[in-house]
Amino acid sequence: YEKVLKEAKRVSKRIIIGDSAFRNPFEKFVHMIKDYMSNTPKGIKVPNVHLKYEEWKRLFTALNLTIVHEFFFYRRCLFIRPRGVVFILEETETK
């Protein structure tokens, strides 16, 4: 993620990221199953490398990115609703 974000920061003023944002092991498991079910039949390999919400925020701080806006969304997957998040980022202004 770090290399991609550094390049996005270099070439754009605003970055938009949408990803799963699990909070606990059960939600991580749900995301893994959802990814497997939706991607494997299409021949897409599923690496299962989603970050926790807190890990995203630490990464943004380390790369000098500020969250301008964020919102959560829920998707229906069988009988549960895994959570996703969209971050809108800009480079933190330095004085």
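The preceding data block contains the structure.
Residues numbered from 1 in each chain as written. Predicted model: local features only at pLDDT ≥ 70, side-chain atom pairs only at ≥ 80, totals over all residues. Heavy atoms only, no water.

Asker: Is there a simple way to explain the pairing of strand E3 (residues 83-91) in this structure?
Answerer: Within a regular strand, the side chains alternate between the two sheet faces. Counting buried residues in E3 gives seven out of nine residues, a clear majority hidden from the surface. Relative to E3, strand E1 (residues 14-20) runs antiparallel, the two being bridged by seven bridges. Residue Ile15 lies in a different strand from E3, and its bridge partner there is Leu89. Looking at chain direction, strand E2 (residues 65-74) and E3 are connected through nine bridges and run antiparallel. Among the inter-strand pairings, Phe73 is bridged to a residue of E3, identified as Gly84. (Buried < 20%, exposed > 50% of the residue type's maximum accessible area, 1.4 Å probe, protein only. Helix = DSSP H or I, 4+ residues; strand = E, 2+ residues; numbered from the N terminus. Pairing = 2+ DSSP bridges.)

Asker: I keep staring at helix H3 (residues 53-62) and nothing clicks. Help me out?
Answerer: Among all positions in H3, only Tyr53, Trp56, Leu59 and Phe60 are buried. Axial view of H3: buried residues confined to an arc of 125 degrees, hence all on one face. With respect to the buried face of H3, the exposed residues turned more than 90 degrees away are Arg58, Thr61 and Ala62. Where the residues of H3 are buried, they touch helix H1 (2-11), E1, E2 and E3. (Arc of directions from axis to C-beta. Contact = heavy atoms within 4.5 Å.)

Asker: Honestly, the sheet that holds E3 in this entry has me stumped. Any pointers?
Answerer: What holds strands together in a sheet is hydrogen bonding between their backbones, with the strands either parallel or antiparallel. Spatial strand order, E1-E3-E2: three strands in an open sheet with antiparallel pairing. Both edges of this open sheet fall to E1 and E2, since each of them pairs with a single strand only. Sheet twist, expressed as the mean angle between neighbouring strand axes with direction ignored, is 15 degrees. Strands in contact with H1 are E1, E2 and E3; relative to E1, the strand with the most contacts, it is inclined by about 150 degrees. (Axes fitted to C-alpha atoms, helices over the stretch in contact; angles between N-to-C directions.)

Asker: How do you make sense of the packing of aromatic side chains when you look at a structure like this?
Answerer: Each aromatic ring pair is specified by the distance between its two centres and by the angle formed by the two planes. Following the criterion strictly, the structure yields six aromatic pairs and no others. Here the aromatic rings of Phe60 and Phe87 are separated by 5.0 Å at their centres, their planes lie at 75 degrees, and the arrangement is edge-to-face. Remark: Phe87 occurs in strand E3 and Phe60 occurs in helix H3; sequence separation between them is 27 residues. Looking at Phe87, the relative accessible area reads 0%, which means it is buried. (Phe/Tyr/Trp six-rings, centres within 6.5 Å; stacked < 30°, edge-to-face > 60°.)

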